[in-house]
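# Fold and geometry: a report
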Amino acid sequence: MQRSKFFLGGALILAAVVYLIFSSTQASAEYFMTVNEVKAEGAAVVGKSLRLSGAVLGDTIQYDSQTLTLTFDVAHVSGDNAEIEAQGGLAEVLYQAVNDPSLQRVSVQYVGAKPDLLRGEAQAIMTGKLGEDGVFYADELLLKCPTKYEEAVPEQVSAQ
Amino acid sequence: MFAEFGYGILVVSFIVAFYSLIAAVYGALRKSAAMVESSRRGMFLVFPLLSLSAAALVYLLITNHFEVAFVYEVTSRSMPTYLKVTAWWGGQAGSLLFWAWLLAAFTSAVTLRKWERDIEFLPWVIVVNAVTIIFFLGMVVFYENPFTRFWLVAGNVEPHMFAPLAATLFTPQDGNGLNPLLRHPGMVIHPPMLYLGFVSYVIPYAFAMAALITGRTDDRWIRLTRRWSLWAWLFLSFGLVLGGRWAYDVLGWGGYWGWDPVEIAAFMPWLTGTAFLHSVMIQEKRGLFKHWNMILVILTYALVVFGTFLTRSGVLSSVHAFANSPIGPFFMGYTALTLFVSIALLIWRWPLLHGETEMKSMLSREALFLLNNLLFMSVLIVSFWGVIFPLVSELFTGQKVTVGPPFYERATAPLFAGLMLLMGIAPLSAWGHSTIKTLGRAMWKSALAAAILTVVLFFTYTQNYIALIGFFLIALVLFVTFQEFGRAARARQRAQGENFFTALARLMGRNRRRYGGYIIHISMMLMAIGILGIEIFQKETQGSLAQGEQMELAGYTIEYRELASWPDEGKGVNFTRAVVDVYEDGIYLGELTPRIDYYFDSQQNMTIPGNRSTLKDDLYVLLVDWQPVSSMGATFKVFVNPLVNWLWIGSLLFLAGIIFTAWPDHDPAEEPLRAPQSTNQPSAAD
């Protein structure tokens, strides 16, 4: 009798946790996409929560401090870490992406403070939605600049 | 010279640790006390050896030896000396050495204790510590060597430990420097605190494994390591709190915790550690949960290694892209291997670990502790699921899907609420048996007071029902806990004829674990007030102001007065500082000076908020942008974070509570053993 009570209690808790995980996952799932995938899917992903990653094009960064509106373009980078490694690491892939005009690009708009790490050849990881105008409206913007801190060999090399 | 010395000593330490491992295993299996003693001495030696190696690295760091790749990566000439020292753990190779060095220190301390009564544990404790140290030193010696130098080989610069053929040493002019975001006092001690916490958990795990291997599966291992796990918990908690405070002060997004995988990596061992802290009490008092405690300590160790693997990179905005390095697979392999071996040992000894009694009542204290453990495990499962979900979804659907902070907030909030409710009930329950009736009698006053307070808050402060549930639970726990303090102190006052405060102080001194625990519960509630405040009531606005213009938020008015920008060549920073005047309801409160520091060498900005902090709320002003020449206009982002200060006040009390509980006194073996079968009121002795 006592034992079954404890098992019942345990089962209830387990069910509650499974429910919490399941419903919360449903409610806040964000789909990882690359620029190529967003371009290919087009209208099919308009309005869905997406997490998009791309290489920031330095020349396209514009900031209107009256409206706090930040716009810039990102170029396609692979979403697969192994593929990035195979192409010479993140810094190299970002550099290539920014300098290759044949790659797909997407315009991004973000309202808020201009992040400290935003600059050309940074990797932007953005959460938001694709608008019907093809612009990606980001709610959240994270940046990764691998070049400066993971450089194993000094820059002075080329001067030698 | 120093690089060769440092590396040489590393290799020697590695060999000594390896010798100790072999000698300990041999000594234990052949029952050779001399071999065990030899391994004990060897293990003791590892710490002074590693200290020499570390001293060599720190010397290289503070003397700008940029020919050493690690020094080049993490320091620059413009950094002050103390930051150059702390750069030791600012990069991967150094932080692995730091980890091994801390563990060696703890291991030395453990080998020095009096072992007479527990001599059978000694060789196996050495084995676990030695294996862990060997793993970390192996990473440092073979893959992530902090002493690697740059060599010029046929016109190319290459990193090598020793000079390749026909190569000359290459010394760059200046180093890369530590990421400016990490040049903050909070960040200087945050990683060592986390690492101390991580490393301290190795010791309870080592004793647990020793207990399994030797078959001495009574409570001895728990009693011996109780303080280790408390100190581990202290360091880990302090590390987490410092990380939150640092984010609040430096990252400039008005928050303190973002459910980033790296944060979760440090949070997960904290969850199992907290569950462990509670459930060991049940084993000590009632002889239950023996299997469960083993599982918890094994999980904690695995999560510590896993957490080190995730946090070691220290790359801040790398939310989903961890720095790829050759050591990743080794860490995963090591975690898997230790988990496998530990669980195999546990299964082997399973029959020795059966409970000495059965749980009878759903409301007994042990049942409520079990529930507490289940809830902590649930939070762990939610956190773990969030971290691995992208991998799982990719595996099964081919589509990488991730979950953000809303997932964690939604899924953990009810679990945290459940934990709070338990904090309100469990202190009143009795070992063995409690009923609704006995609990109700003990609780009704506090519950009524909390309900009245909630109604008052409904009419005066907020109608947000989540906040109201939160405030009700906080009030309930606080009232119950204070009532417990008062009830026990008055009982002692009557019995001993002392005045109330003497009685209270002596009572707490006599039973520091119990009352220290209550202090920690109170501090958790203060932190909960702060978290509810910032999560539910945070307000923000932003806008561009011309000089003399104003903007308003939540009763505050800020007026932009002036802005200045000047370079400090010595520090390699350009400072831009705005001054704003703050008014509340027309009354002048003072000025705030939000800043943007631009670091020349890393071409990076750092946004430092101007923050006015009171018990009621924080006014948190960020300088976002400015137009220097034409209009002297500037753009600000302003947050009002109600009640958030309680988070920091609670954190301080929390640390005080743990120190109060963990402060060493007498030998733990003298403490009373099992609690009586059933007591209607918790006795003063538990």
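Source: prediction; values computed, not measured.

Residues and elements named next belong to chain A. Relative to the elements of secondary structure, L141 occurs in strand β7 (residues 136-144). Here the alpha-carbon distance between L141 and V38, two residues 103 residues apart in the chain, equals 17 Å. In contact with L141, other than residues within four places in its own chain, are L70, F72, Y110, P115, A124, I125 and M126.

All names here are of chain B. The interhelical angle for the contact between helix α5 (residues 92-111) and helix α8 (residues 202-214), taken along N-to-C directions, is 55°, at an axis separation of 11 Å. With respect to α8, the axis of α5 lies oblique. Read as a crossing pair, α5 and α8 show a hand that is right-handed. Note on element contacts: α8 touches α5 through V202, I203 and F207, opposite W99, L103, F106 and V110. Its residues placed into classes, the contact of α5 with α8 shows seven nonpolar, no polar and no charged.

For an interface, size is often stated in terms of accessible area lost upon the parts coming together. All names here are of chain B. Once the domains are mapped, chain B shows domain 1 (1-178), domain 2 (179-358), domain 3 (400-537 + 648-665) and domain 4 (547-632). The C-alpha-based centres of domain 1 and domain 2 are spaced at 22 Å. Each partner contributes residues to the interface: domain 1 has 34 residues there, and domain 2 has 37 residues. The junction of domain 1 with domain 2 conceals about 3,500 Å² of combined surface from both sides, 76% of it contributed by carbon and sulfur atoms. Here domain 1 and domain 2 share three salt bridges between them. Here D118 ties to R216 by a salt bridge, and the two come within 3.5 Å at their closest N and O atoms. Counting the contacts that link domain 1 with domain 2 gives five residue pairs in polar contact (both at pLDDT 80 or more). The biggest single contributor to the side of domain 1 that touches domain 2 is helix α6 (residues 122-143), with 10 residues. Residue classes in the side of domain 1 that touches domain 2 are distributed as 22 nonpolar, seven polar and five charged.

Moving on, we get to the packing of aromatic side chains. Each aromatic ring pair is characterised by the separation of its centres together with the angle its planes make. All names here are of chain B. Here the structure, examined in full by the defined rule, presents 50 aromatic pairs over all chains. Their ring planes at 15° and their centres at 5.8 Å tell us that W233 and W270 sit as a pair that is stacked. Of this pair, W233 sits in helix α9 (residues 220-251) while W270 sits in helix α10 (residues 261-286), and the two are 37 residues apart along the sequence. Comparing W233 with W270 shows no difference in burial state: the two are buried. Every member of this aromatic cluster is reached through a ring pair, and the members are W233, W257, W259, F267, W270, F407, Y408 and F654. Between the NZ or CZ atom of R514 and the centre of the ring of Y515, over which it lies, the distance is 5.9 Å.

On to the pattern of salt bridges, then. Pairing between side chains of opposite charge can happen when their charged atoms approach one another. Residues and elements named next belong to chain B. Tallied over the full model, the rule gives 25 salt bridges over all chains. A salt bridge links D597 to R595, with the shortest nitrogen-to-oxygen separation between them at 2.7 Å. Residue class for D597 comes out buried when judged on its relative accessible area of 3%. The class of R595 is partly exposed, set by a relative accessible area of 26%. Among the charged side chains, a network of salt bridges with common partners joins R113, D118, E120, R216, D218 and R220.

This next bit is on the confidence of the model for chain B. Confidence in the prediction for chain B averages 86 pLDDT; 94% of positions are at 70 or higher. This model gives residues 668-672 of chain B a pLDDT under 50, and the stretch forms six contacts once residues within four places in sequence are excluded.

All names here are of chain B. Phi at K31 is positive, roughly 55°, even though this residue is not glycine. When you line up the elements, K31 lands in the loop between α1 (2-29) and α2 (33-62). Positive phi values are uncommon outside glycine, yet A166 reaches one of about 55°. By relative accessible area, which is 76% here, A166 ends up exposed.

It is worth spelling out the pairing of strand β6 (residues 123-130) of chain A at this point. Residues and elements named next belong to chain A. Counting buried positions along β6 yields seven of eight residues, so the element is predominantly enclosed. Note that strand β2 (residues 50-56) and β6 share six bridges and pair antiparallel. Residue pairing in the sheet places S53 in a bridge with I125 of β6. Relative to β7, β6 runs antiparallel, the two being bridged by eight bridges. Paired with L130 across the bridge in β7 is F136. Joining the antiparallel neighbours β6 and β7 is a turn of five residues, in which G134 adopts a positive phi near 85°.

Definitions and limits used
Residues numbered from 1 in each chain as written. Chains lettered and ligands numbered in written order. Predicted model: local features only at pLDDT ≥ 70, side-chain atom pairs only at ≥ 80, totals over all residues. Heavy atoms only, no water. Helix = DSSP H or I, 4+ residues; strand = E, 2+ residues; numbered from the N terminus. Contact = heavy atoms within 4.5 Å. Axes fitted to C-alpha atoms, helices over the stretch in contact; angles between N-to-C directions. Parallel < 35°, antiparallel > 145°, perpendicular 65-115°, else oblique. Left-handed = near helix turned anticlockwise from the far one by under 90°. Nonpolar A, V, L, I, M, F, W, Y, C, P; charged D, E, K, R; others polar. Domains from an automatic or database assignment. Buried area = accessible area lost by both parts, 1.4 Å probe. Salt bridge = Lys/Arg side-chain N within 4 Å of Asp/Glu carboxyl O. Polar contact = N/O pair within 3.5 Å; in protein donor to acceptor, adjacent residues only side chain to side chain. Phe/Tyr/Trp six-rings, centres within 6.5 Å; stacked < 30°, edge-to-face > 60°. Buried < 20%, exposed > 50% of the residue type's maximum accessible area, 1.4 Å probe, protein only. Lys NZ or Arg CZ within 6 Å of the ring centre and 35° of its normal. pLDDT = per-residue confidence, 0-100. Pairing = 2+ DSSP bridges.

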